[in-house]
Amino acid sequence: MLRRRLNRLLGGDERRVDSRTIYVGNRSSSPSEAIIPPKFCDNRIVSSKYTVWNFLPKNLFEQFRRIANFYFLIIFLVQVIVDTPTSPVTSGLPLFFVITVTAIKQGYEDWLRHKADNEVNKYPVTVLEQGERTRKDSEKIKVGDVVEVEEDETFPCDLILLQSSRDDDTCYVTTASLDGESNHKTHYTVSDTDKDLETLNATIECEQPQPDLYKFVGRMHIYKKDQEPAVRSLGPENLLLKGATLKNTQRIYGVALYTGMETKMALNYQGKSQKRSAVEKSINAFLLVYLCILVSKALVCTTLKYVWQSKTGQDEPWYNEKTQREKETNLYLKMFTDFLSFMVLFNFIIPVSMYVTVEMQKFLGSFFITWDKDFFDPEIKEGALVNTSDLNEELGQVEYVFTDKTGTLTQNNMEFIECCIDGFQYKYRDASSELDGFCLTDGPVNKVQEKAGRAKEELFLRALCLCHTVQVKEPTEQRRGPVDGLTDQVDAGVPHAAQEQRGFIASSPDEVALVKGAMRYGFTFLGLESRNMKILNRNNDVEMYELLHVLNFDPVRRRMSVIVRCKSGDTMLFCKGADSSIFPRVRQEEVEKIHMHVERNATEGYRTLCVAYKYLSAEEYAQADAGLREARLALQDREEKLMAVYNQVETGMSLIGATAVEDRLQEEAAETMEALQGAGIKVWVLTGDKMETAKSTCYACRLFQRNTELLELTVRTLEDGGRKREERLHELLSEYHKKAVQDAPPSKAGVTRTWSSANQDYGFIIDGATLSMVLNSSSESNSSRYKSLFLQICQNCTSVLCCRMAPLQKAQIVKMVKNSKGSPITLSIGDGANDVSMILEAHVGIGIKGKEGRQAVRNSDYAIPKLKHLKKLLLAHGHLYYVRIAHLVQYFFYKNLCFILPQFLYQFFCGYSQQSPGAAHLH
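Residues numbered from 1 in each chain as written. Predicted model: local features only at pLDDT ≥ 70, side-chain atom pairs only at ≥ 80, totals over all residues. Heavy atoms only, no water.

(A) Examining the overall build of the chain more closely. Regarding its fold elements, the chain presents 27 helices and 34 strands. Scored against the burial criterion, the 923 residues of the chain give a buried share of 52%. Sequence-distant contacts, at least 24 apart, represent 72% of the contacts inside the chain between residues at least 6 apart. By element, 54% of the accessible surface of the chain is carried by carbon and sulfur atoms, the whole surface being about 42900 Å². (Helix = DSSP H or I, 4+ residues; strand = E, 2+ residues; numbered from the N terminus. Buried < 20%, exposed > 50% of the residue type's maximum accessible area, 1.4 Å probe, protein only. Contact = heavy atoms within 4.5 Å. Areas by Shrake-Rupley, 256 points an atom, 1.4 Å probe, with all protein chains shown as cover.)

Below, the structure written as structure tokens:
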């Protein structure tokens, strides 16, 4: 780590090569060729701040950055060197006590971080070495080692998947601690690798470590005897990230690619720095004022002393004759010594005891949060936790709240609400009803014959059962309980074969909700076996479909498709996605039937998806198949080539219907957000999730109202104009700035949104790719201008939504607002390791004791069980802490001023001899 930092300082990063070569199993590609392993960093994770060697100097340096501490150190040194009227003990002892207590407190906090690091670094892992399975500590893994990981274990470093225990050569992982998504993602082994990893002879060429969780480019050279080396492209689907957890797979084997502080998780980790409250900073400002008062008093007394002594007989009275040494002393040196003596005499105007008292007040006051019974959660049987008591009063001064979405605002638990087929709305009532579980509640209902029709209903349900990446976790594997809360007891009325507990795992919770919705209506997805998807239909017959291709979801297309072959030999494409991406690709008359339902569901805060299909002729499929295979093997511009093929295939479709899914909010989430906004706090949602899901959540939380005009700055809006992205970005920023800033009426202080409904409310939406353009524009002048426009627009919006954010981008947003004009006080709240960077960056970091591990809690300043507790923490505890500390600080300054003023006045009556009134009484 130290070497890496030195390289950065010396410009070494610029000289680094663009790729690295890894030898799988640290074996040479040729038996006759000796391998010289490249030097990569070890697998140790370091989140602590101090070591045994640097604790003393580093901690002392940080403590003496406080003006009061530095001042008393100087006073103490003056008392030791110069003959002063007070003992050095009067300054040295309080200073030593304050420094020692603070050092012990900070040392203890860092010891806890060391302990947490050791738990990770000493975690036992299995490594394959020379044909044997060896157990060793995680920190001893080297790049190139083949590592074995079992189900429910976390990956100890970034791995390339070589082998899986599953028959289809896949594995499933959850990345909750990385990007906040607790759903299962599918990863694939590298094709053509030997089943016997001991005989595998291969090298991997890949990019240097970089923090983007969703990007990875590499290739694997597989060497076999008497054959040309096979080259296989590697992408994010082959990369298993450190911190992710293996699910629904007994074991996997992978080769270590990035280790320790070079893993993507570590590169997204924001270093922990000492946080200081605004009150403490203002105390430092007050100290400077009082220091000026002190210096001026000392100067006045020194000047008056020599003016008084200049009169005849006053300099050397008969009762106090000068010694020979005093007579020979330089006048200016004597004046300087007298000045220092007055400084020491009056030094108690600077209250060193205040720091001790404030520290104790903060420490003892923090127990009010811990003891608050309203913060106790019976579900996890825990209350609030205070990790840092230095920031208590900061809670009452927060101006911006940055919150994660998944697991913080929502429970990440999607539920199927209703669907619309061919213009008719269907809601689930009773599965044994006349209409097979469907109920017509919209459209023409005077005749039963006018429903969508059985054929269209079944086509729609088949689409829901086929167009997804859901996997089934069989009941036999469920000895250890449900799969992340996704296990569902199938409703009555569903055929007996599906009535067992069936667990579904998928990359998105809404996919599970749609499959469960289809199950309620009689179509059950039975799973995927050897590229064949099985469905149990209403007649209890099993239908088989061969899965030919999956056209994965991406945030630009905002849809996903599957190409399947029916038993009859027909090739079909099923597509589902956002209405804005499906409607332009289907016939207009079909859109008119369904558009009304989609709009109504969206305004109710539901996540809506449209479903379409298309029959592919043999020629169309052959062309699509060739295009997809060629694009997937490309090493350069792979994503762009795949996108072109996807767009070519997904045209001329027929719209069947739409679905509405609800993402349940956390308890009292909407009320909490309203209370914060009512108190004048601006709420920003920073999430790695898709824009549609996040937007629905913002409506449900009342951050966006029905009358809120949304200003969207995403990749989609940048591509709408048909011009260069940079030009379109400048145009949109200028347009939004004019609308939200220049043309907006001046807001009155203290008037909240609730009372100013006559004015137009604006909500701002931006995604990660566009934010990168704003922050890292090609020219420096453009970048600063974009940043300024972006900030001004955001600060004039009631709420801001940032979607598809990498963890480091979340921290960049917080830092940008924190350093903006007026230095507003910021608070970040999240529940996963992907939120750690923004929690550390904000003035106050709050972790939620959620289901996504305890990384956020461990790195936060305060931890609460639920989002609803944030309201009382800020609006009650924070307010009272600020009132208490404000009174305490003002009292101390007043007390010390009253204590020093008599000493200053007494000098006029003692011949400016640096005597204190107390000393005079003693004599």
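(B) Representation of the packing of aromatic side chains within the structure. Within this structure, the stated rule accounts for 17 aromatic pairs. For the ring pair Tyr-50 and Phe-55, a centre distance of 5.1 Å and an interplane angle of 85 degrees mean the geometry is edge-to-face. Exposure remark for Phe-55: the relative accessible area of 21% places this residue in the partly exposed category. Between Tyr-891 and Phe-892 the ring centres are 6.0 Å apart and the planes differ by 75 degrees, which places this aromatic pair in the edge-to-face class. What makes Tyr-891 partly exposed here is its relative accessible area of 46%. Classification of Phe-892 as buried rests on a relative accessible area of 7%. Joined through ring pairs, the aromatic side chains of Phe-363, Phe-367, Phe-368 and Trp-371 make up one cluster. Cation over ring: Arg-565 sits above Tyr-621, and NZ or CZ is 5.4 Å from the ring centre. (Phe/Tyr/Trp six-rings, centres within 6.5 Å; stacked < 30°, edge-to-face > 60°. Lys NZ or Arg CZ within 6 Å of the ring centre and 35° of its normal.)

(C) Here's a closer look at the sheet that holds strand 4 (residues 146-150). Spatial ordering of the open sheet is given by 3-2-4-13-5-11, a layout of 6 strands whose pairing is antiparallel. The sheet is open, and its two borders are formed by strand 3 (132-137) and strand 11 (239-240), each paired with just one other strand. In this structure, strand 2 (residues 124-129) lies alongside strand 4, joined through 3 bridges in antiparallel fashion. Residue Thr-126 lies in a different strand from strand 4, and its bridge partner there is Glu-148. (Pairing = 2+ DSSP bridges.)

(D) Examining the environment of Gln-163 more closely. Tracing the backbone through its elements, the reader meets Gln-163 in strand 5 (residues 158-164). Taking the relative accessible area as the measure of exposure, Gln-163 reaches 17% and is therefore buried. Separated by 28 residues in the primary sequence, Gln-163 and Ser-191 have C-alpha atoms spaced 9.5 Å apart. Contact partners of Gln-163, with chain neighbours within four places excluded, come to Thr-189, Asp-194, Lys-195, Asp-196, Leu-197, Ile-252 and Tyr-253.

(E) A look at a nonpolar patch on the surface. Residues Phe-70, Ile-74, Leu-77, Val-80 and Ile-81 make up a contiguous nonpolar surface patch of roughly 490 Å² in combined accessible area. Relative to the helices and strands, Leu-77 resides in helix 3 (residues 67-81). Under the relative-accessibility criterion, Leu-77 is labelled partly exposed at 40%. (Patch = residues over 30% accessible without salt bridge, like charges linked within 9 Å, V, L, I, M, F, W, Y side chains within 5 Å. Salt bridge = Lys/Arg side-chain N within 4 Å of Asp/Glu carboxyl O.)

(F) Structural detail: the pattern of salt bridges. Tallied over the full model, the rule gives 38 salt bridges. A salt bridge links Glu-546 to Arg-565, with the nearest nitrogen and oxygen atoms 3.6 Å apart. Highlighted residues: Glu-546 in strand 23 (residues 542-551) and Arg-565 in strand 24 (residues 559-565), separated in sequence by 19 residues. Overall, Glu-546 belongs to the partly exposed group, its relative accessible area being 34%. Note that Glu-841 and Lys-818 form a salt bridge whose closest N and O atoms lie 2.8 Å from each other. Linking Glu-841 in helix 24 (residues 836-841) with Lys-818 in helix 23 (residues 807-818), this pair joins segments that are 23 residues apart in sequence.

(G) Structural context of the sheet that holds strand 7 (residues 184-188). Across the sheet, which stays open at both edges, the 3 strands sit in the order 7-6-12 with antiparallel pairing between neighbours. Each edge of the sheet is formed by a strand with only one pairing partner; in this case those strands are strand 7 and strand 12 (245-247). The mean inter-strand angle of the sheet, taken between neighbouring strand axes irrespective of direction, is 45 degrees. (Axes fitted to C-alpha atoms, helices over the stretch in contact; angles between N-to-C directions.)

(H) Looking closely at the packing of helix 20 (residues 725-742) against helix 21 (residues 768-775). Across the interface, helix 20 lies against helix 21 with an axial gap of 11 Å and an inter-helix angle of 85 degrees. Taken as axis vectors, helix 20 and helix 21 run roughly perpendicular relative to one another. Across the interface between the two elements, Arg-725, Glu-726 and Leu-729 from helix 20 touch Thr-770, Met-773 and Val-774 from helix 21. Looking at side-chain class alone, the contact of helix 20 with helix 21 contains 3 nonpolar, 1 polar and 2 charged residues. (Parallel < 35°, antiparallel > 145°, perpendicular 65-115°, else oblique. Nonpolar A, V, L, I, M, F, W, Y, C, P; charged D, E, K, R; others polar.)

(I) Broad picture of the nonpolar core. One finds Phe-460, Phe-504, Val-562, Val-564 and Phe-574 to be the most contacted residues of the largest nonpolar core, which totals 43 residues. When near neighbours in sequence (up to four residues on either side) are disregarded, Phe-574 contacts Leu-459, Ala-463, Leu-466, Cys-467, Met-560, Ser-561, Val-562, Val-564, Ala-612 and Tyr-613. Ranked by size, the runner-up nonpolar core spans 37 residues in total, among them Ile-369, Ile-681, Val-685 and Cys-698. (Core = buried A, V, L, I, M, F, W, Y, C linked by side-chain atoms within 4.5 Å.)

(J) Region of interest: helix 26 (residues 869-906). Here helix 26 is 38 residues long and its end C-alpha atoms lie 55 Å apart, about the 56 Å a rise of 1.5 Å per residue gives. Bending of helix 26 peaks at approximately 30 degrees at the position of Gly-878. (Expected span 1.5 Å × (residues − 1). Bend = angle between axes of the 7 residues up to and from the residue.)

(K) Helix 18 (residues 691-700), seen in detail. Taking burial as the measure, the 10 residues of helix 18 include 7 buried ones, the bulk of the element. Those residues of helix 18 that sit buried are Met-691, Glu-692, Thr-693, Ala-694, Ser-696, Thr-697 and Cys-698. Just beyond helix 18, the residue with positive phi is Arg-702, at close to 65 degrees.

(L) Molecular detail of the packing of helix 3 against helix 9 (residues 331-345). For the pair helix 3 and helix 9, interaxial distance at closest approach is 10 Å and the crossing angle is 125 degrees. The angle between helix 3 and helix 9 places the two elements in the oblique class. Our pair here, helix 3 against helix 9, has a crossing hand that is left-handed. Across the interface between the two elements, Tyr-71, Ile-75, Val-78 and Gln-79 of helix 3 pack against Leu-340, Met-343 and Val-344 of helix 9. Looking at side-chain class alone, the contact of helix 3 with helix 9 contains 6 nonpolar, 1 polar and no charged residues. (Left-handed = near helix turned anticlockwise from the far one by under 90°.)

(M) Up close: the state of the cysteines. Counted according to the given criterion, the structure contains 0 disulfides. Cys-420 takes part in no disulfide bond, and the closest cysteine sulfur to it belongs to Cys-419, at a distance of 7.7 Å. With a relative accessible area of 2%, Cys-420 lands in the buried category. In this structure Cys-797 is a free cysteine whose sulfur lies 6.2 Å from that of Cys-794, the closest cysteine sulfur available. (Disulfide = S-S within 2.5 Å.)

(N) How the structure looks around the environment of Ile-563. One can find Ile-563 in strand 24. You can call Ile-563 buried: its relative accessible area is 0%. Through-space distance from the C-alpha of Ile-563 to that of Phe-574 is 6.6 Å; in sequence the pair is 11 residues apart. What Ile-563 contacts, discounting residues up to four positions off in sequence, is Glu-546, Leu-547, Leu-548, His-549, Leu-551, Thr-571, Met-572, Leu-573, Leu-616, Tyr-621 and Val-649.

(O) View of unusual backbone geometry. Even without a glycine there, the phi angle at Asn-248 is positive, about 55 degrees. Its place among the elements puts Asn-248 in the loop between strand 12 and strand 13 (251-258). You will see that Arg-702, though not glycine, has its phi angle at about 65 degrees, which is positive. Mapped onto the fold, Arg-702 is located in the loop between helix 18 and strand 29 (709-713). The exposure class assigned to Arg-702 is partly exposed, which follows from its relative accessible area of 31%.

(P) Geometry of the side chain of Lys-264. Inspection of the secondary structure assignment puts Lys-264 in helix 6 (residues 264-267). For the buried Lys-264, which has no salt bridge, the nearest side chain bearing the opposite charge is Glu-207, at an N-O separation of 4.4 Å. In terms of polar contacts, Lys-264 uses its side chain to reach the backbone carbonyl oxygen of Lys-215, at 3.1 Å. With sequence-adjacent residues up to four places away left out, Lys-264 is seen in contact with Asp-158, Glu-207, Gln-210, Pro-211, Asp-212, Leu-213, Lys-215, Leu-239 and Leu-241. (Lys, Arg positive; Asp, Glu negative; His and termini not counted. Polar contact = N/O pair within 3.5 Å; in protein donor to acceptor, adjacent residues only side chain to side chain.)

(Q) A look at the confidence of the model for the chain. When pLDDT is averaged across the chain, the result is 78; 81% of the residues are at 70 or more. In the predicted structure, residues 1-16 sits below a pLDDT of 50 and forms 11 contacts with residues beyond four places in sequence or in another chain. The low-confidence segment residues 476-501, where pLDDT is below 50, has 53 contacts with residues more than four positions distant or belonging to other chains. (pLDDT = per-residue confidence, 0-100.)

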